[in-house]
Amino acid sequence: MHKLAIHGGDQTKKTPFGTGKRFGLEEAKELLEALEQNTLFYHFGHKVKKFLSDFNDMYQVPYSVATSSGTAALHVALGAAGITVGDEVITSPITDQGTVIGILYQNAIPVFADLEPHSYNLDPASIESRLTPRTKAILVVHLAGNPCDMDPIMEIARKHKLKVIEDCAQAYLTKYKGRLVGTIGDYGCFSTNDFKHISTGDGGIVTVNSGLEEDYHRTHAFSDKNYRRMGTDVGRMPESLAPNYRMTELQGAVGIAQLRKLEWICEQRSRIGMTLDAGLQDLPSLSIMKIPEASTCTYWFYMFRLILDNLTCSREEFCAALSAEGITNRMGYIPDVIYMQPMFQQKHAYPGSTFPFELSDVHYQRGDCPHAEAILQTAVQVPLSEFYTHQDVLDIVAAIRKVALYYQK
Ligand SMILES: *Cc1c(COP(=O)(O)O)cnc(C)c1O
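The name an unreviewed UniProt entry gives the protein chain is Spore coat protein, with Paenibacillus solani as the organism. In UniProt, the protein chain has this text filed under Sequence similarities (unreviewed entry): "Belongs to the DegT/DnrJ/EryC1 family."

Structure below.
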């Protein structure tokens, strides 16, 4: 047994992790061209338009709309899908805040379904158990770049006439049974914030998958004050409320250059994730993330669960020991399931008001989604970078194995 670094032994990671530049002259050239247009407004310039047409080609979708963030993309999809006051939207309790913000701004009510214990994604059976006459949409989250089990989810949606919105903020070029996620439901929502596979500083994209021009125009309008700038009914006399979530030409310009790097980035991350899986799968004290059959994961991060019954240490001790080996990690992904946040516990989306929660029989209690809660109590997250070298990946495997074997019962 090797002495752990935390006990004064040799540290596993002896060389610095590979790094690289995300932005270069490609982005600078696009930015300069954007400025030379003498306008940074997406509707007058060409950069956001080119960014979207390149994205559409890559994803083989007919239409998409650019937004100011991933949160905005999700809100736009919800608005375009007709989600409104008192509607219920079923979603995941382990996600970014951006997933629920748009639901509540539409004065609709988030309802949390439980997750599959090893894919960390929505369990179709639990979605079905949460259906009420108010349910209008399912907002799936492809966590960490791992696709949700879309076939049964689409089946439920068809049966109950629900819209399906895919949160693909962490899942660029992820394939579910050969199909890109973001093209399977009615809308696919992406984020280009600075922490995602590609960055425009902030930004987002919504795909409109019906192929209907009117759906595209409605989605577009919802990102821009419900002004109608396209089609035959052009006008600025909105029939209902919509925010301004416009992307600027500067973001579009950077996005064009970033998209050209996306395939390479996703290939690196998939390869890194698969190498980690192969190196860890035999350890009896941890379980690796389960990817649906015939599908791929583009690993926005790597997350596995500890089987604490097979370990002599706590998760805190495991993570501290792994850190001491030179591997940055953190416990879980978010501090707790979304429904345990004060705003859900106190049903205060808007200060001094319990609207819109009072429109529904929804409740938010510890134990609502036992698998999701257990995932957050046992998971260890390891951040990844597409710039990691093969040696870096082998070192991560070696460090996790060293700690797991040391503490194994
Ligand atoms: C990042 C993220 C969002 C929000 O995107 P922003 O661009 O930060 O608004 C939404 N959902 C998930 C799953 C995310 O990871």
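Don't stop here, the text continues.
### Details of the UniProt feature "modified residue: N6-(pyridoxal phosphate)lysine" (unreviewed entry) in the protein chain
On the UniProt side, "modified residue: N6-(pyridoxal phosphate)lysine" (unreviewed entry) is annotated at positions that read Lys196 here. Its location among the elements puts Lys196 in the loop between strand E8 (187–191) and strand E9 (204–208). Contacts of Lys196, omitting those with residues within four sequence positions, involve Arg22, Ala169, Tyr172, Ser191 and Trp300.

### Concerning the sheet that holds strand E11 (residues 301–306)
Ordered by their spatial adjacency, four strands build an open sheet running E10-E11-E13-E12, and the pairing between neighbours is antiparallel. Looking at which strands have only one partner, the edges of the open sheet turn out to be strand E10 (286–287) and strand E12 (330–331). Summarising the sheet, E11 and strand E13 (residues 379–383) pair through five bridges and their orientation is antiparallel. If you follow Phe301 over to E13, its bridge partner there is Pro383.

### Some remarks on the packing of aromatic side chains
As enumerated under the stated definition, the model contains 22 aromatic pairs in all. When the ring of Tyr59 is compared with that of Phe190, the centres are 5.2 Å apart and the planes differ by 65 degrees; the resulting orientation is edge-to-face. Here Tyr59 is found in helix H2 (residues 47–59), whereas its partner Phe190 is found in strand E8, with 131 residues between them in sequence. Of the two residues, Tyr59 and Phe190, both sit in the buried class. Pairing Phe112 with Tyr339 gives two aromatic rings, centres 5.8 Å apart and planes at 45 degrees, and the pair type is tilted.

### Describing the environment of Ser64
Residue position: Ser64 is located in strand E1 (residues 63–67). Relative accessible area serves as the criterion here: at 3%, Ser64 is assigned to the buried category. The spatial distance from the C-alpha of Ser64 to the C-alpha of Leu52 is 6.4 Å, given a sequence separation of twelve residues. Leaving out residues up to four positions away in the same chain, Ser64 has contacts with Leu52, Phe55, Asn56, Ile205, Val206, Thr207, Val208 and Tyr216. Within polar-contact distance, the side chain of Ser64 engages the side chain of Asn56 at 2.6 Å.

### Details of the packing of H2 against helix H8 (residues 249–280)
Taken N-terminus to C-terminus, the directions of H2 and H8 make an angle of 25 degrees; their axes are 7 Å apart at the nearest point. One way to sum up the angle between H2 and H8 is to call them roughly parallel. Handedness of the H2/H8 crossing: left-handed. Judged by residue contacts, Lys47, Val48, Lys50, Phe51, Asp54, Phe55 and Met58 of H2 engage Glu249, Gly252, Ala253, Gly255, Ile256, Leu259, Leu262 and Glu263 from H8. Classifying every residue of the contact of H2 with H8 by side-chain character gives eight nonpolar, two polar and five charged.

### Structural notes on the domain arrangement of the protein chain
Taken domain by domain, the protein chain consists of domain 1 (5–21 + 262–334 + 371–407) and domain 2 (25–258). Taking only C-alpha atoms, the centre of domain 1 and the centre of domain 2 are 30 Å apart. If you look at the interface, domain 1 gives 29 residues, while domain 2 gives 31 residues. Three residues stand out in domain 1 for area buried against domain 2, namely Leu262, Trp300 and His371, and they jointly supply 26% of the buried area on that side. In this assembly, domain 1 and domain 2 are joined by zero salt bridges. If you look at where domain 1 meets domain 2, you find 18 residue pairs in polar contact (both at pLDDT 80 or more). Those elements that place two or more of their residues in the side of domain 1 that touches domain 2 are H8, E11 and helix H11 (370–378). A breakdown of the residues in the side of domain 1 that touches domain 2 according to their chemical character gives 19 nonpolar, five polar and five charged.

### Focus on the nonpolar core
Core analysis: the biggest nonpolar cluster contains 99 residues, and Ile94, Leu143, Met150, Phe304, Phe318 and Tyr333 have the highest contact counts within it. When we break this core down by domain, the ones giving at least three residues each are domain 1 (5–21 + 262–334 + 371–407) and domain 2 (25–258). Counting 25 residues, the second largest nonpolar core, distinct from the first, contains Ala81, Ile165, Val208 and Tyr216.

### Quick look at the site of the ligand
Neighbouring the ligand are 14 residues; Gly70, Thr71, Asp167, Ser191 and Lys196 lie closest to it. A distance of 2.8 Å separates an oxygen atom of the ligand from a polar side-chain atom of Asn193. In isolation the ligand has 380 Å² of accessible area, and contact with the protein removes 92% of it. A total of three residues in the shell around the ligand trace back to one element, the largest contributor, which is helix H3 (residues 70–80). Its residues assigned to classes, the shell around the ligand shows three nonpolar, eight polar and three charged.

### Focus: the sheet that holds E1
The seven strands lie next to each other as E1-E9-E8-E5-E4-E2-E3, forming an open sheet whose pairing is mixed. Each having just a single partner strand, E1 and strand E3 (109–112) make up the two edges of the open sheet. Within this sheet the neighbouring strands show an average axis-to-axis angle of 25 degrees, counted without direction. Two strands pair when backbone bridges link them, and strand E4 (residues 135–141) and strand E5 (residues 163–167) are joined in this way by five bridges, in the parallel orientation. Residue pairing for E5: Val140 is matched across the bridge by Glu166. Packing against the sheet, H2 makes contact with E1, E8 and E9, and its axis sits at approximately 135 degrees to E1.

### Section: unusual backbone geometry
Here the amide bond leading from Phe355 into Pro356 is cis, since omega sits at 5 degrees, within 30 degrees of zero. Tracing the backbone through its elements, the reader meets Pro356 in the loop between helix H10 (342–345) and H11. Within the chain, Asn226 stands out as a residue other than glycine whose phi angle is a positive 60 degrees. With respect to the helices and strands, the residue Asn226 is situated in the loop between helix H7 (213–222) and H8. Residue Asn226 is classed as buried on the basis of its relative accessible area of 13%.

Parameters at a glance
- Residues numbered from 1 in each chain as written.
- Predicted model: local features only at pLDDT ≥ 70, side-chain atom pairs only at ≥ 80, totals over all residues.
- Heavy atoms only, no water.
- UniProt positions renumbered as here; feature names shortened; annotations may be inferred.
- Helix = DSSP H or I, 4+ residues; strand = E, 2+ residues; numbered from the N terminus.
- Contact = heavy atoms within 4.5 Å.
- Pairing = 2+ DSSP bridges.
- Phe/Tyr/Trp six-rings, centres within 6.5 Å; stacked < 30°, edge-to-face > 60°.
- Buried < 20%, exposed > 50% of the residue type's maximum accessible area, 1.4 Å probe, protein only.
- Polar contact = N/O pair within 3.5 Å; in protein donor to acceptor, adjacent residues only side chain to side chain.
- Axes fitted to C-alpha atoms, helices over the stretch in contact; angles between N-to-C directions.
- Parallel < 35°, antiparallel > 145°, perpendicular 65-115°, else oblique.
- Left-handed = near helix turned anticlockwise from the far one by under 90°.
- Nonpolar A, V, L, I, M, F, W, Y, C, P; charged D, E, K, R; others polar.
- Domains from an automatic or database assignment.
- Buried area = accessible area lost by both parts, 1.4 Å probe.
- Salt bridge = Lys/Arg side-chain N within 4 Å of Asp/Glu carboxyl O.
- Core = buried A, V, L, I, M, F, W, Y, C linked by side-chain atoms within 4.5 Å.
- Near = heavy atom within 4 Å.
- Areas by Shrake-Rupley, 256 points an atom, 1.4 Å probe, with all protein chains shown as cover.

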